[in-house]
Amino acid sequence: MTVPVIEAQELSKIYDAGRMEVQALHDVNMTINKGEFTAIVGPSGSGKTTLLNLFGGLDTATSGSLSVVDRDIALLSKRQRADMRLHYLGFVFQAYNLVPVLTVRENVEFVLELQGVGNERSQRAREVLDELGLSEFADRRPNELSGGQQQRVAVARAIASRPQLVLADEPTANLDGENAEILLTMMRRLNTEHDITFVFSTHDPRVVAYAQRVITLVDGCVDKDETKSIDSC
Ligand SMILES: Nc1ncnc2c1ncn2[C@@H]1O[C@H](COP(=O)(O)OP(=O)(O)OP(=O)(O)O)[C@@H](O)[C@H]1O
Ligand SMILES: [Mg+2]
């Protein structure tokens with residue numbers, strides 16, 4: 001049975017950049033179902049970040065409708081959108097975005113603390129770091145890790161709260177090919193084993209190869225939407 005996690009209808013976004021308006025998205029229609037592993041690709045400026053920001057409730061659409069994890073985003077207050085992010089979504093950004101003064105373990109525990117997880121916090125952090133092969137780094141600070149290791153911690157942090165949906169904007173942009181592949185393998189395993197839906201943007205053809213579904217944006221419109229057969233992913 002397919003369960004929609006994201007449903008966008010006629011979604012448009014116009015930025016008001018001084019005297020100029022920029023239409024970043026034009027009437028995008030898109031449904032992402034639970035368990036999908038989807039890449040959003042397209043040239044620079046085609047609207048990938050804008051779309052992911054709308055999906056994550058980090059920004060609001062100019063027109064159209066958007067439902068994410070069964071919530072109509074337009075009807076939510078800022079506070080409710082923040083709550084939705086905290087409890088149902090995980091984010092991975094291009095620039096890792098770990099808290100520099102906290103250790104790896106504390107970075108993961110911090111998100112759980114925000115979520116109101118009490119006594120279980122340290123055990124949950126230990127489990128997720130174990131699962132992702134990051135235990136040996138638990139007591140290090142982010143600047144004591146390579147970029148690839150930091151990005152793996154960012155994924156650990158994003159999934160520690162057991163989100164339904166992880167949004168990742170160019171998660172491999174700062175990684176070399178080998179680290180990009182390690183990261184994608186990890187994301188794909190979390191996708192299949194824990195049924196977490198992933199939507200990530202990328203420019204990297206090697207990363208696209210891991211995607212089960214590839215949506216191409218051109219000038220803010222969906223140009224192509226291709227789903228691979230199971231065997232080829
Ligand atoms: N805050 C903003 N104010 C005005 N225009 C913006 C803003 N953010 C993005 N844009 C414009 O919206 C369009 C889409 O930008 P977006 O960042 O979504 O593209 P992208 O596909 O993520 O590009 P890249 O691959 O370079 O990251 C571009 O024309 C961009 O200049
Ligand atoms: Mg972008």
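Shown above is the structure to which this text applies.
What this report covers is the structure whose coordinates are included nearby.

Thresholds, definitions, all that
Residues numbered from 1 in each chain as written. Chains lettered and ligands numbered in written order. Predicted model: local features only at pLDDT ≥ 70, side-chain atom pairs only at ≥ 80, totals over all residues. Helix = DSSP H or I, 4+ residues; strand = E, 2+ residues; numbered from the N terminus. Rg over C-alpha atoms; globule rule 2.2 N^0.38 Å. Buried ≥ 20, exposed ≤ 12 C-beta atoms within 10 Å, placed from the backbone. Contact = placed C-beta atoms within 7 Å. Arc of directions from axis to C-beta. Pairing = 2+ DSSP bridges. Near = placed C-beta within 6 Å. Nonpolar A, V, L, I, M, F, W, Y, C, P; charged D, E, K, R; others polar. Axes fitted to C-alpha atoms, helices over the stretch in contact; angles between N-to-C directions. Parallel < 35°, antiparallel > 145°, perpendicular 65-115°, else oblique. Left-handed = near helix turned anticlockwise from the far one by under 90°. Expected span 1.5 Å × (residues − 1).

Take the overall build of the protein chain next. Assigned secondary structure in the protein chain consists of seven helices and ten strands. Against the compact-globule benchmark of 17 Å for 233 residues, the protein chain has a radius of gyration of 17 Å, which places it among compact chains. Seen along its three principal axes, the alpha-carbon backbone of the protein chain occupies a region of about 45 × 45 × 40 Å. Taking all 233 residues of the protein chain together, the buried fraction comes to 39%. Excluding contacts between residues fewer than 6 apart, the proportion of contacts in the protein chain whose partners are at least 24 apart in sequence is 70%.

A word on helix α4 (residues 121–131). For α4, the complete set of buried residues consists of A125, V128 and L129. Angularly, the buried residues of α4 cover 100 degrees about the axis, an arc narrow enough to put them on a single face. Across from the buried face of α4, at angles greater than 90 degrees, the exposed residues are Q123 and D130. Of the surrounding secondary structure, the elements contacted by the buried residues of α4 are α3 (104–114) and α5 (147–160).

With that settled, the discussion passes to the sheet that holds strand β2 (residues 20–33). Taken in spatial order, the four strands line up as β2-β1-β4-β5 in an open sheet, and their pairing is antiparallel. Two strands close off the open sheet at either side, each with one partner strand: β2 and β5 (71–72). Sheet analysis places strand β1 (residues 4–17) next to strand β4 (residues 63–68), joined by five bridges and oriented antiparallel. When the bridges of β4 are listed, S12 appears paired with S63.

What follows deals with the site of ligand 1. Surrounding ligand 1, one finds Y15, A17, V22, A24, G42, S44, G45, S46, G47, K48, T49 and T50. Elements supplying a minimum of two residues to the shell around ligand 1: β1, β2 and α1 (48–55). Here the element with the most residues in the shell around ligand 1 is α1; it accounts for three residues. When grouped by side-chain class, the residues that make up the shell around ligand 1 number four nonpolar, seven polar and one charged.

Another point: unusual backbone geometry. Note on backbone geometry: most residues besides glycine have negative phi, and most peptide bonds are trans. For D70, which is not glycine, the phi dihedral falls at a positive 65 degrees. Checked against the element boundaries, D70 lands in the loop between β4 and β5.

For the pair α3 and α5, interaxial distance at closest approach is 8 Å and the crossing angle is 25 degrees. Considering the angle they form, α3 stands roughly parallel to α5. For α3 against α5, the interelement crossing comes out right-handed. Every residue of α5 that contacts α3 at V104, N107, V108, V111 and L112 is listed here: V153, A156, R157 and A160. A breakdown of the residues in the contact of α3 with α5 according to their chemical character gives seven nonpolar, one polar and one charged.

This brings us to the pairing of strand β10 (residues 221–227). Bridge count for strand β9 (residues 213–218) against β10 is six bridges, and the pairing is antiparallel. Paired with T216 across the two strands is K224, which belongs to β10. In textbook terms, the turn of a hairpin is the stretch between consecutive antiparallel strands, and for β9 and β10 this stretch comprises two residues, one of which, D219, has a positive phi near 50 degrees.

Attention shifts here to helix α6 (residues 177–194). Compared with an ideal rise of 1.5 Å per residue, which puts 18 residues at 26 Å, α6 spans 25 Å between its outermost C-alpha atoms and is within 8% of the ideal. Every buried residue of α6 is accounted for by A180, L183, L184, M187 and L190. One side of α6 carries all its buried residues, which in axial view fall inside an arc of 120 degrees. Across α6 from its buried face, at more than 90 degrees, point the exposed residues G177, E178, T185, R189, T192 and E193.

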